[in-house]
Amino acid sequence: MSIEDVKDRIVEVMIRELELTFNPDEVNSTSRLDDLFGMDSITITELIIGIEKEFNIKIPAEDLSVEIFQDLKTLTEYVKKRLHDETTMYREGQDKTQC
Amino acid sequence: MTTSNRFFSLRDIGIFFYLIPFRMAASVLPIGAIRFFGLLMGHVYSALAYKRKRRIQLRLRTALGNSTTNDEIMELSRRCLLNAVACHVDALILNRIGTQALLGNGKVSGLEHFKNALLKGKGVLLITGHFTGLKMVSRFLHESGYPHFGIVKRHADDPGASWLENRYLSPYWSKVIDRTGHAPVFVEDKDVGLRIMKRLRENGIVIISLDVPFSQHLLTRPFLGSEQAFPVGFLRIVYATGAAVVPMVGIGNSSAFTICFEEAVNLREAARKDEFVEKNIDILVKILESQILKEPSHWLLI
């Protein structure tokens, strides 16, 4: 999945799950989540759950920090990395099972 | 920010004595002597603070209705003031009391409800109000190995306080009295939601004081005969995470306290988060009301 696809799906989650109203075309990667979308700390926790469902990933407790959620770019990069990590872990698990 | 017109008030003298000479004396004098002095101060305060006592009586009358006699209201208001003073005095000596001695002075009930809620592995929100034993609860959880934190509000100007209190005394109070022990989490912090979620994901505990509107998300509900705004942001986190909500009351002080955990709240399900919040805040406000009505003289915000 490309980084653009990940970003688009995160924006979809914001619109669908969080019911935020904005024009997706106006969104750029460095848009701050709190400024552009008016997201507060509680809404961000709802975004986390939405992202986990959308991408079928689990964001570990130690990763829950403001740095990741400061703007769309850092969030997209994090989700992309998480997807990669979880796929790698899954493959390693399968390899061990086959052995 | 609101600022008072007054530079100084009589209350400042009391706060000053509490924060400086009395706090210093409490760090060296025998604990029994401090408690005795606190009791004495409580009686003096109860006799002098007639305006506050009158306000408490009116609140109690509204909350308890006409089934309570005037004599009972008077006695309750006197005990409210005594307990409030005892609570402030206790805050000065709490850290001097060892774990075994402290836990020996307390009675904890319903711990199985709390442990059962933790077994679900989604973290626990302890719902309570500002009762006299809140510091005991925190100490009990800490000593028992349960990681937890409470949500507090940063110091803000009180329009009824003098300039001196707002500028110096109140921040100093927060620094030396309220923030001893664990680092608190502030409701104003940008990451407050993330920190709550993180703690819950670690299957930890977050204490929510429902009786103060410390949230950007508020709903007004009937409460003790009038109306009050309640924080509901935490309910949205519960909706998202499935964390357990356990009502809890801690009353008393370090010489004798009780902590009671109730059964986890059977929250009503809803298809939408707003509906979930609307339905369940009513349940939680009723629980808080019943906690207060059981022990009105131990509720510090009366």
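Above this text you will find the structure in question.
Being a predicted model, the structure only gives us computed values, none of them experimental.

Definitions and limits used
Residues numbered from 1 in each chain as written. Chains lettered and ligands numbered in written order. Predicted model: local features only at pLDDT ≥ 70, side-chain atom pairs only at ≥ 80, totals over all residues. Heavy atoms only, no water. Helix = DSSP H or I, 4+ residues; strand = E, 2+ residues; numbered from the N terminus. Rg over C-alpha atoms; globule rule 2.2 N^0.38 Å. Buried < 20%, exposed > 50% of the residue type's maximum accessible area, 1.4 Å probe, protein only. Contact = heavy atoms within 4.5 Å. Lys, Arg positive; Asp, Glu negative; His and termini not counted. Charge placed at Lys NZ, Arg CZ, Asp CG, Glu CD. Buried area = accessible area lost by both parts, 1.4 Å probe. Salt bridge = Lys/Arg side-chain N within 4 Å of Asp/Glu carboxyl O. Polar contact = N/O pair within 3.5 Å; in protein donor to acceptor, adjacent residues only side chain to side chain. Nonpolar A, V, L, I, M, F, W, Y, C, P; charged D, E, K, R; others polar. Pairing = 2+ DSSP bridges. Core = buried A, V, L, I, M, F, W, Y, C linked by side-chain atoms within 4.5 Å. Axes fitted to C-alpha atoms, helices over the stretch in contact; angles between N-to-C directions. Parallel < 35°, antiparallel > 145°, perpendicular 65-115°, else oblique. Phe/Tyr/Trp six-rings, centres within 6.5 Å; stacked < 30°, edge-to-face > 60°.

(A) The overall build of chain B, seen in detail. Counting its secondary structure elements, chain B contains eleven helices and nine strands. Here chain B has a C-alpha radius of gyration of 20 Å; the compact-globule value for 302 residues is 19 Å, and the two agree. The burial tally for chain B puts 48% of its 302 residues in the buried class. Summarising the internal contacts of chain B: among those between residues at least 6 apart in sequence, 77% fall at separations of at least 24. For chain B, the distance from the average position of its 38 positive side-chain charges to the average position of its 26 negative side-chain charges is 4 Å.

(B) Fine view of the interface of chain B and chain A. Contact with chain B, which involves 17 residues of that partner, is made by 23 residues of chain A. Summing the contributions of chain B and of chain A, the shared interface buries around 1,700 Å²; its carbon and sulfur component is 58%. Here chain B and chain A share three salt bridges between them. Where chain B meets chain A, there are eight residue pairs in polar contact (both at pLDDT 80 or more). Elements that contribute at least two residues to the side of chain B that touches chain A include exactly α9 (192-201) and α10 (233-241) of chain B. Looking at which element gives the most residues to the side of chain B that touches chain A, the answer is α9(B), with six residues. Taken together, the residues of the side of chain B that touches chain A break down into five nonpolar, four polar and eight charged.

(C) Representation of the pairing of strand β8 (residues 244-253) of chain B in the model. Residue and element names in this part refer to chain B. Of all the ten residues making up β8, ten are buried; the element is thus mostly covered by neighbouring parts of the structure. Across six bridges, the pairing between β8 and strand β9 (residues 256-261) is antiparallel. Counterpart to V249 in the pairing with β9 is C260. Linking β8 back to β9 in an antiparallel pair, the connection comprises two residues.

(D) Region of the structure containing the nonpolar core. Ranked by internal contacts, the top residues of the largest apolar core, which has 48 residues, are L125(B) and I151(B). Here this core takes eight residues from helix α11 (residues 273-294) of chain B, the largest share from any one element. The residues contacting I151(B), other than those within four sequence positions of it, are V185(B), F186(B), V187(B), V192(B), I196(B), V206(B), I207(B), I208(B) and F214(B). Counting 30 residues, the second largest nonpolar core, distinct from the first, contains I49(A), I51(A), I57(A) and L75(A).

(E) Main features of the side chain of S162(B). All names here are of chain B. When you line up the elements, S162 lands in the loop between β3 (148-152) and α8 (163-178). Judged by relative accessible area, which is 0%, S162 ranks as buried. One polar contact links S162 to D12, side chain to side chain, over a distance of 2.6 Å. A distance of 3.1 Å separates a polar side-chain atom of S162 from the backbone nitrogen of E165.

(F) Focus on the packing of helix α3 (residues 41-55) of chain A against α9(B). It is the contact of α3(A) with α9(B), at a shortest axis distance of 6 Å, that shows an interaxial angle of 50 degrees. Here α3(A) lies oblique to α9(B), going by the angle between them. Across the interface between the two elements, S41(A), I42(A), I44(A), T45(A), I48(A), I49(A) and E52(A) from α3(A) touch V192(B), G193(B), L194(B), M197(B) and R201(B) from α9(B). Its residues assigned to classes, the contact of α3(A) with α9(B) shows seven nonpolar, three polar and two charged.

(G) Fine view of the sheet that holds strand β2 (residues 124-128) of chain B. Residues and elements named next belong to chain B. Pairing is mixed across the open sheet formed by seven strands, whose spatial order is β1-β9-β8-β2-β5-β3-β4. For this open sheet the edge positions go to β1 (106-109) and β4 (185-186), each flanked by a neighbour on one side alone. Both β2 and strand β5 (residues 205-209) contribute to a ladder of five bridges, which runs parallel. In the sheet register, L126 faces β5, and the bridge partner there is I207.

(H) Spotlight on the environment of R61(B). Residue and element names in this part refer to chain B. By secondary structure assignment, the location of R61 is in helix α3 (residues 50-64). Sequence separation between R61 and L125 is 64 residues; the distance between their C-alpha atoms is 31 Å. With residues near it in sequence (within four places) discarded, R61 still touches N66, T68, T69, N70 and I73. Here the side chain of R61 touches G65 through a polar contact of 2.8 Å, landing on its backbone oxygen.

(I) Focus on the packing of aromatic side chains. Taken as a whole and assessed by the stated rule, the structure comprises eleven aromatic pairs over all chains. Counting every residue linked through ring pairs, the aromatic cluster contains F114(B), F140(B), Y146(B) and F261(B).

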